[in-house]
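Each chain, letter by letter, is given below.
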Amino acid sequence: MKDLLTALLIILALVGCAPFKANLAPHLASQFTQECGAMSELACRAMYWVNYHRVLHNLEPLENNGACIAVAEFHAQDMDQFGYFDHDGRDETWEQRYARFGVGGVAAENIAEVSGPYLAAVGWMNSPGHRANILDPEMRSGGMGVSGEMYVQCFSSEIQ
């Protein structure tokens, strides 16, 4: 049954999320039509899958956080452009970068190098540390950035 569900999720991810969104969590339909804000389409789809997993675990979806979106986009582009894969940047730690972008409260970050938004979320959910970030009830907002195959998600305990 689990394999069937996984196959169904992959097929639906490939054909698009719109019909799937409304059926999974009708009580949270506005979040699952995903308010993308400044996020790209791929980043928005990745955020959808993260919020989907949060809702499956009886957590509220993350609200969009402008500072998180900006820092995630910056870091994804930097890793993609300069060919590295690390939470820390070329000349600053991730904590310094988050402070520079104004991300407040308790913060966390997930990064992935994958070929699509669904694969980023599934990979994170299959990794204990990344899964803990996604399912942390203290995290209330976030943002996603994508460049090439680099996916970066910022989490914050504060809502902006």
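Above this text sits the structure in question.
Residues numbered from 1 in each chain as written. Predicted model: local features only at pLDDT ≥ 70, side-chain atom pairs only at ≥ 80, totals over all residues. Heavy atoms only, no water.

Enquirer: Help me get a handle on the pattern of salt bridges, residues and values and all.
Expert: Within the structure shown, the criterion is met by four salt bridges. The partner of Glu-41 in a salt bridge is Arg-45, and the shortest N-O contact between them spans 3.3 Å. Placement of both Glu-41 and Arg-45 in helix 4 (residues 41-56) is noted, with a separation of four residues, approximately one turn of the helix. Classification of Arg-45 as partly exposed rests on a relative accessible area of 28%. The salt bridge involving Asp-78 is made with Arg-90; its shortest N-O contact spans 2.8 Å. Of this pair, Asp-78 sits in helix 5 (residues 66-82) while Arg-90 sits in the loop between helix 5 and helix 6 (94-101), and the two are twelve residues apart along the sequence. Of the residues examined, Asp-78 reaches a relative accessible area of 7% and is grouped as buried. (Salt bridge = Lys/Arg side-chain N within 4 Å of Asp/Glu carboxyl O. Helix = DSSP H or I, 4+ residues; strand = E, 2+ residues; numbered from the N terminus. Buried < 20%, exposed > 50% of the residue type's maximum accessible area, 1.4 Å probe, protein only.)

Enquirer: Could you give an account of helix 4, naming the residues involved and the relevant values?
Expert: Residue pairs three or four apart in sequence face the same way in an α-helix, which turns once every 3.6 residues. For helix 4, spanning 16 residues, the distance from its first C-alpha to its last is 23 Å, which sits close to the expected 22 Å at 1.5 Å a residue. Among the 16 residues that make up helix 4, twelve are buried, leaving the element largely enclosed by the rest of the structure. All buried positions along helix 4 are accounted for by Ala-43, Cys-44, Ala-46, Met-47, Tyr-48, Trp-49, Val-50, Asn-51, Tyr-52, His-53, Arg-54 and Val-55. With its phi angle positive at about 60°, Asn-58 sits one or two positions after the end of helix 4. (Expected span 1.5 Å × (residues − 1).)

Enquirer: I'd like a description of the packing of helix 5 against helix 6, backed by residues and values.
Expert: Running from N to C, helix 5 and helix 6 point in directions that differ by 130°, and their axes come no closer than 9 Å. Taken together, the axes of helix 5 and helix 6 lie oblique to each other. When you trace helix 5 past helix 6, the crossing you get is right-handed. Residue-level inspection shows Ala-67, Ala-70, Val-71, Phe-74 and His-75 of helix 5 in contact with helix 6, the latter providing Arg-97, Tyr-98, Arg-100 and Phe-101. Looking at side-chain class alone, the contact of helix 5 with helix 6 contains six nonpolar, one polar and two charged residues. (Axes fitted to C-alpha atoms, helices over the stretch in contact; angles between N-to-C directions. Parallel < 35°, antiparallel > 145°, perpendicular 65-115°, else oblique. Left-handed = near helix turned anticlockwise from the far one by under 90°. Contact = heavy atoms within 4.5 Å. Nonpolar A, V, L, I, M, F, W, Y, C, P; charged D, E, K, R; others polar.)

Distances and angles like these do not, on their own, reveal function.
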